[in-house]
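Spelled out from the first residue to the last, the chains are:
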Amino acid sequence: MEKLSIYNIAFKGLKEGNHVFEYHIGNAFFEHFENSLVDEADADVQITLEKRSLFMALGIKLKGTVRLACDRCLEWYDQPIHQKARLFIKFGENESEPGDDVIWLHPDDFQINVAQIIYEYICLSVPLKHVHPSDEEGKNSCNPEMLKKIEEYSRQQDEKRDMRWDQLNNLLNNK
Ligand SMILES: [Zn+2]
């Protein structure tokens, strides 16, 4: 299991300017997060720490794929993801300005761990609907064999239900 300490960025000793950190996110990353929405991924993340005299900001760029189970054909597929954001880093004992684009740190903090931020942005980039992406011709790339089997299964379930309804109707009508 990889250590999350590799995601620590010690900003205190950095010079003013932009500092770029690159990470590759693989499956081991998600072992640190309980009940993770994502277990498997192959993504590159670029974190840019912008250190200025009056403020600090964190740029995040992520691109890659996450492995999801398709809601339609139930097979695994690689969902492309990408995300770009810029967050301001502020210092304070209390979070005085709530906001999605602000990271609050304690005034004594000298480093920031970006693992949780990366994790949240990966989860954010997962679409609500998990479906195989369309191919170049706009055709759905679901496994046709699986679709056929699922259709067959649901048809059988319908037939069973109909049969039960018929039996119930017979019972009611014969009383
Ligand atoms: Zn599918």
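Refer to the structure presented above.
My aim in this report is to walk through the structure given alongside it, one point at a time. All of these numbers come straight from a predicted model, not from anything done at the bench. (Residues numbered from 1 in each chain as written. Predicted model: local features only at pLDDT ≥ 70, side-chain atom pairs only at ≥ 80, totals over all residues. Heavy atoms only, no water.)

### Considerations on the coordination of the zinc ion
Where we set the bar: For Na, K and Ca the donor cutoff is 3.2 Å, while for all other metals N, O and S atoms must lie within 2.8 Å; water is not among the atoms, so some sites may look incomplete. In this scheme the shape depends on donor count and angles: four donors with every angle between 85 and 135 degrees give tetrahedral, four or six donors with opposite pairs above 155 degrees and others between 65 and 115 give square planar or octahedral in turn, and any other case is irregular. To qualify as a helix, a DSSP run of H or I must reach at least 4 residues; to qualify as a strand, a run of E must reach at least 2; elements of each kind are numbered from the N terminus. Classification of residues uses two cut-offs on accessible area relative to the type maximum, computed with a 1.4 Å probe and protein chains only: under 20% is buried, over 50% is exposed, and between them is partly exposed.
The coordination sphere of the zinc ion contains the protein donors Cys70 (SG), Cys73 (SG), His132 (ND1) and Cys142 (SG), at a distance range of 2.0 to 2.4 Å. Bound by 4 donor atoms, the zinc ion shows angles of 102 to 116 degrees at the metal and therefore tetrahedral coordination geometry. Between the donor residues of the zinc ion, the gaps in sequence give the motif C-x2-C-x58-H-x9-C. With His132 in the loop between α1 (115–124) and α2 (144–173) and Cys142 in the loop between α1 and α2, this residue pair connects regions lying 10 residues apart in the sequence. The class for His132 is buried, based on a relative accessible area of 11%. Assessed through its relative accessible area of 7%, Cys142 is described here as buried.

### Things to note about the packing of aromatic side chains
We apply this condition: Pairing of aromatic rings covers Phe, Tyr and the six-membered ring of Trp, with a centre-to-centre limit of 6.5 Å; geometry is then stacked below 30 degrees between planes, edge-to-face above 60, and tilted otherwise.
A complete count under the given rule lists 8 aromatic pairs for this structure. Measuring from centroid to centroid gives 3.9 Å for Phe33 and Tyr119, while their planes differ by 0 degrees, and the two rings are stacked. On the criterion of sequence distance, the pair formed by Phe33 in the loop between β2 (17–25) and β3 (41–51) and Tyr119 in helix α1 is long-range, its members being 86 residues apart. A residue is classified by how much of its surface remains accessible, and Phe33, at 12% relative accessible area, is buried. Of the aromatic side chains, those joined through ring pairs into one cluster are Tyr7, Tyr23, Phe29, Phe30, Phe33 and Tyr119.

### Details of a nonpolar patch on the surface
Note the threshold: Surface patches are drawn from residues lacking salt bridges whose relative accessible area is over 30%; two like charges belong together within 9 Å, two nonpolar side chains (Val, Leu, Ile, Met, Phe, Trp, Tyr) within 5 Å. With residues, only the protein chains shown are counted as cover, and all accessible areas are computed by Shrake-Rupley using a 1.4 Å probe. Any carboxyl oxygen of Asp or Glu that lies within 4 Å of a side-chain nitrogen of Lys or Arg is treated as forming a salt bridge with it.
Together, Trp165, Leu168, Leu171 and Leu172 line one region of the surface with nonpolar side chains, adding up to about 450 Å² of accessible area. Within the fold, Trp165 resides in helix α2.

### A look at the side chain of His19
Here is the rule we go by: Any pair of nitrogen or oxygen atoms within 3.5 Å is treated as a polar contact; in protein, a donor-acceptor pairing is required on top of that, and neighbouring residues in sequence qualify only through side-chain atoms on both sides. Here a residue-residue contact requires only that any non-hydrogen atoms of the pair lie within 4.5 Å.
Checked against the element boundaries, His19 lands in strand β2. There is a polar contact of 2.6 Å between the side chain of His19 and the backbone oxygen of Lys15. Once you skip the residues sitting within four places of it in the chain, His19 turns out to touch Leu14, Ile47, Thr48 and Leu49.

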